[in-house]
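Residues per chain are reported as follows:
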Amino acid sequence: MKLKEKVAIFVVALLLSFILFNAIGSPSLPLLKLGKEAGNEIISNYLANEGKS
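All chains use their own residue numbering, which begins from 1 and follows the written sequence. Given that the model is predicted, a residue must reach a pLDDT of at least 70 before its local features are reported, and side-chain atom pairs must reach 80 or more before they are shown or counted; all residues, however, enter totals for whole chains, interfaces and linings. Based on all heavy atoms of the structure, the side-chain values leave hydrogens and waters out of the count.

K.L.:
When you look at the overall build of the chain in this model, what are you seeing that I'm missing?
P.N.:
In terms of helices and strands, the chain carries 2 helices and 0 strands. Radius of gyration here uses only the C-alpha atoms, and the compact-globule reference equals 2.2 Å multiplied by the residue count raised to the power 0.38. A globule of 53 residues ought to have a C-alpha radius of gyration of about 10 Å, yet the chain, at 23 Å, is considerably larger. By residue count, 0% of the 53 residues in the chain fall in the buried class. For every accessible area listed, the method is Shrake-Rupley and the probe measures 1.4 Å; residues are considered covered only by the protein chains on display. Carbon and sulfur atoms provide 72% of the accessible area of the chain, an area that totals close to 5100 Å². Asp and Glu count as negative and Lys and Arg as positive, but His and the ends of the chain are not part of the count. Where a charge lies is defined by one atom per residue type, namely NZ (Lys), CZ (Arg), CG (Asp) and CD (Glu). For the chain, the separation between the mean place of its 6 positive charges and that of its 4 negative charges on side chains is 18 Å. Only DSSP runs of H or I covering at least 4 residues are called helices, and only runs of E covering at least 2 are called strands; the numbering of each starts at the N terminus. The classification of residues rests on relative accessible area computed with a 1.4 Å probe and restricted to protein chains. Under 20% of the type maximum is buried, over 50% is exposed, and intermediate values are partly exposed.

K.L.:
What is the right way to read the environment of Leu-32 from this model?
P.N.:
Note that Leu-32 resides in helix α2 (residues 29-52). It is 15 Å that separates the C-alpha atoms of Leu-32 and Ile-42, two residues lying 10 residues apart in sequence.

K.L.:
How should I be thinking about α2 in this particular structure?
P.N.:
Residues three or four positions apart in an α-helix share a direction because the helix packs 3.6 residues into each turn. Given a rise of 1.5 Å per residue, 24 residues ought to cover 34 Å, and the 35 Å separating the end C-alpha atoms of α2 matches this to within 8%. Among the 24 residues of α2, 0 are classified as buried, and the element is accordingly described as predominantly exposed. Helix span, as expected, comes to 1.5 Å for every residue beyond the first.

K.L.:
Could you clarify how one ought to interpret a nonpolar patch on the surface in this entry?
P.N.:
Judged by side-chain polarity, Leu-3, Val-7, Phe-10, Val-11, Val-12, Leu-14, Leu-15, Leu-16, Phe-18, Ile-19 and Leu-20 come together as a nonpolar surface patch covering roughly 1100 Å² of accessible area. Relative accessible area serves as the criterion here: at 64%, Leu-3 is assigned to the exposed category. Put simply, a patch holds well-exposed residues, over 30% relative accessible area, that have no salt bridge, with like charges counted together within 9 Å and Val, Leu, Ile, Met, Phe, Trp or Tyr side chains within 5 Å. The term salt bridge refers to a side-chain nitrogen of Lys or Arg lying within 4 Å of a carboxyl oxygen of Asp or Glu.

Just geometry here; none of it tells us what the structure is for.
Listed below in structure tokens is the structure:
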């Protein structure tokens, strides 16, 4: 295999990796946002109860 062919295969593999990893991560973004909001609410509830004690 020539060097140009190896570089071309590497570039295509790199581009496909970026595209596929972004496709996997995209659906989980709303779930991460929901988890962050729930975590913030739990922390605020805990801090509110600490203030009452």
